[in-house]
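Chains, contacts and geometry: an overview
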Amino acid sequence: MEYTKLGKTGATVSRVGYGGAAAGLKNYLHAFDPENTEDRRRIIASIEESLASGINYYDTAPAYGDGQSEAILGEALEGVKASGSYPLFLSTKIAYRQRGELRASLEASLKRLRRDRIDLLQIHGDSFKPEQTDDILSSGGMAEQMLRLKEEGLVGHIGFTSEDNNDAVYRLIRSGAFDTVQLCYNFIFQHPYEPSRPFGSLLEAEKAGMGILTMRTPTSGTFQRWIQMVNPGNTFDYTPALIQFVLSNPYVDVALMGMRDAEIVRSNVNICNDFEGRISLDELHSRYV
């Protein structure tokens, strides 16, 4: 397994991260029910395989199945302190709408995760409006409340997630309040990184020394559905290339992936370990010969 430093957190983390959304969301991308005994068994087996493969970064959130993802990871990771000779790094989130009950949300997450401390607490956001960003960064806002929890030792680091590359993302990065950022970045959604200019939130996060996490690594099926639409007879598996595209970005620390089966874990780890599959993004974006 390939490892790297997660920005200014200083933590050593696996380049492949276990994405917990697929463990808790019913019928997300494929038929799945976290309350189904067999489906739950498969998830536990995939987490055990992840540990055996050296994956030490695990991502979840209360919103993933109303706590189901956290509960499953809590069961599978109970008592686990390390993977791949490095300390386990466990991350969860809190939604902006819960800003008035931040501590209660964290305590509920810790109970489901069977931990007395979390390595990373993130604001769970798809899009942040200007007034929400103002509120997060205001005196007594979420950023300040999260910092207090960090000072108390209940969380090791704080961050935020977003699907966007808008002004809110840049403001949150430049505030200096957060240790990490988790963004949507893949072959279809390249908006956080434009290397031919260059510009983008990935670059700004790197300048700020933040740990950079990316979600929807294999495009959450979007690329594959597009291929099926334009070339129904296609039989080529693009998944390795899509994963390698994200891992080829020098600013991406951890590429998160949902992995419901042990076999998918083994496949993704093998892809990560195939350094010959990496590409030069500068060459990819070159327009002149």
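All of these numbers come straight from a predicted model, not from anything done at the bench. (Residues numbered from 1 in each chain as written. Predicted model: local features only at pLDDT ≥ 70, side-chain atom pairs only at ≥ 80, totals over all residues. Heavy atoms only, no water.)

1. Focus on the pairing of strand S9 (residues 155-162)
With eight of its eight residues buried, S9 lies for the most part within the structure. Pairing between strand S8 (residues 118-124) and S9: five bridges, direction parallel. Following the sheet pairing, leucine 121 is matched in S9 by isoleucine 158. Sheet topology places S9 next to strand S10 (residues 180-184); four bridges connect them, and they run parallel. Across the sheet, the residue bridging to glycine 159 is threonine 180, located in S10. Once you follow S9 into helix H7 (residues 167-174) and on to S10, the crossover reads as right-handed. (Buried < 20%, exposed > 50% of the residue type's maximum accessible area, 1.4 Å probe, protein only. Helix = DSSP H or I, 4+ residues; strand = E, 2+ residues; numbered from the N terminus. Pairing = 2+ DSSP bridges. Right-handed = clockwise from strand over helix to strand, strands pointing away.)

2. A short note on the packing of helix H2 (residues 37-52) against helix H3 (residues 68-77)
The relative placement of two packed helices is expressed as an angle between their axes plus a distance between the axes. One way to put it is that H2 packs onto H3 with a least axis distance of 10 Å and a crossing angle of 55°. Judged by the angle between their axes, H2 and H3 are oblique. You can see that H2 and H3 cross each other, and the crossing is right-handed. The residues of H3 that touch H2, namely those facing Arg40, Ile43, Ile44, Ile47 and Leu51, are Gln68, Ala71, Ile72, Leu73, Glu75, Ala76 and Leu77. (Axes fitted to C-alpha atoms, helices over the stretch in contact; angles between N-to-C directions. Parallel < 35°, antiparallel > 145°, perpendicular 65-115°, else oblique. Left-handed = near helix turned anticlockwise from the far one by under 90°. Contact = heavy atoms within 4.5 Å.)

3. Concerning the pairing of strand S3 (residues 16-19)
Both faces of the sheet carry side chains from a regular strand, because those side chains alternate between them. Both faces of S3 are covered, namely the face carrying Val16 and Tyr18 and the face carrying Gly17 and Gly19. Summarising the sheet, S3 and strand S12 (residues 254-258) pair through four bridges and their orientation is parallel. Across the sheet, residue valine 16 finds its bridge partner in S12, namely alanine 255. Inspection of the sheet shows S3 paired to strand S4 (residues 57-59) by two bridges, in the parallel sense. Looking across to S4, one finds that tyrosine 18 is bridged to tyrosine 58.

4. Observations regarding the packing of aromatic side chains
As enumerated under the stated definition, the model contains eleven aromatic pairs in all. Between tyrosine 193 and tyrosine 251, the aromatic rings sit 5.7 Å apart at their centres with planes inclined by 65°, giving edge-to-face as the arrangement. Of this pair, tyrosine 193 sits in the loop between S10 and helix H8 (201-207) while tyrosine 251 sits in the loop between helix H10 (239-247) and S12; the two residues are 58 residues apart in sequence, bridging distant segments of the chain. Owing to a relative accessible area of 23%, tyrosine 251 belongs among the partly exposed residues under this scheme. One aromatic cluster in this structure is built from Tyr185, Phe187, Phe223, Trp226, Phe236, Tyr238 and Phe245. (Phe/Tyr/Trp six-rings, centres within 6.5 Å; stacked < 30°, edge-to-face > 60°.)

5. Here's the deal with the sheet that holds S3
Ordered by their spatial adjacency, eight strands build a closed barrel running S3-S4-S7-S8-S9-S10-S11-S12, and the pairing between neighbours is parallel. The mean angle between the axes of side-by-side strands here comes to 30°, regardless of whether they run parallel or antiparallel.

6. So, the side chain of aspartate 253
Structurally, aspartate 253 can be placed in the loop between H10 and S12. The side chain of aspartate 253 sits in the buried core without any salt bridge; arginine 15 is the nearest counter-charge, 6.2 Å away. Setting aside its immediate chain neighbours within four residues, aspartate 253 contacts Thr4, Lys5, Leu6, Gly7, Ser14, Arg15, Met210, Gly211 and Ile212. (Lys, Arg positive; Asp, Glu negative; His and termini not counted. Salt bridge = Lys/Arg side-chain N within 4 Å of Asp/Glu carboxyl O.)

7. Considering the side chain of asparagine 186
Within the secondary structure, asparagine 186 is located in the loop between S10 and H8. Engagement of the side chain of asparagine 186 in a polar contact is seen with the backbone nitrogen of isoleucine 188, the distance being 2.9 Å. Here the side chain of asparagine 186 touches arginine 216 through a polar contact of 2.6 Å, landing on its backbone oxygen. When sequence neighbours within four positions are dropped, the list of residues in contact with asparagine 186 reads Met215, Arg216, Thr217, Thr219, Phe245 and Val246. (Polar contact = N/O pair within 3.5 Å; in protein donor to acceptor, adjacent residues only side chain to side chain.)

8. As for the pattern of salt bridges
Within the structure shown, the criterion is met by 21 salt bridges. With its nearest N and O atoms 3.2 Å apart, the salt bridge here joins glutamate 49 to arginine 266. Of the two residues, glutamate 49 sits in helix H2 while arginine 266 sits in helix H11 (residues 262-273), which places them 217 residues apart along the sequence. A single salt-bridge network, built from bridges that share partners, covers Glu2, Arg15 and Arg278.

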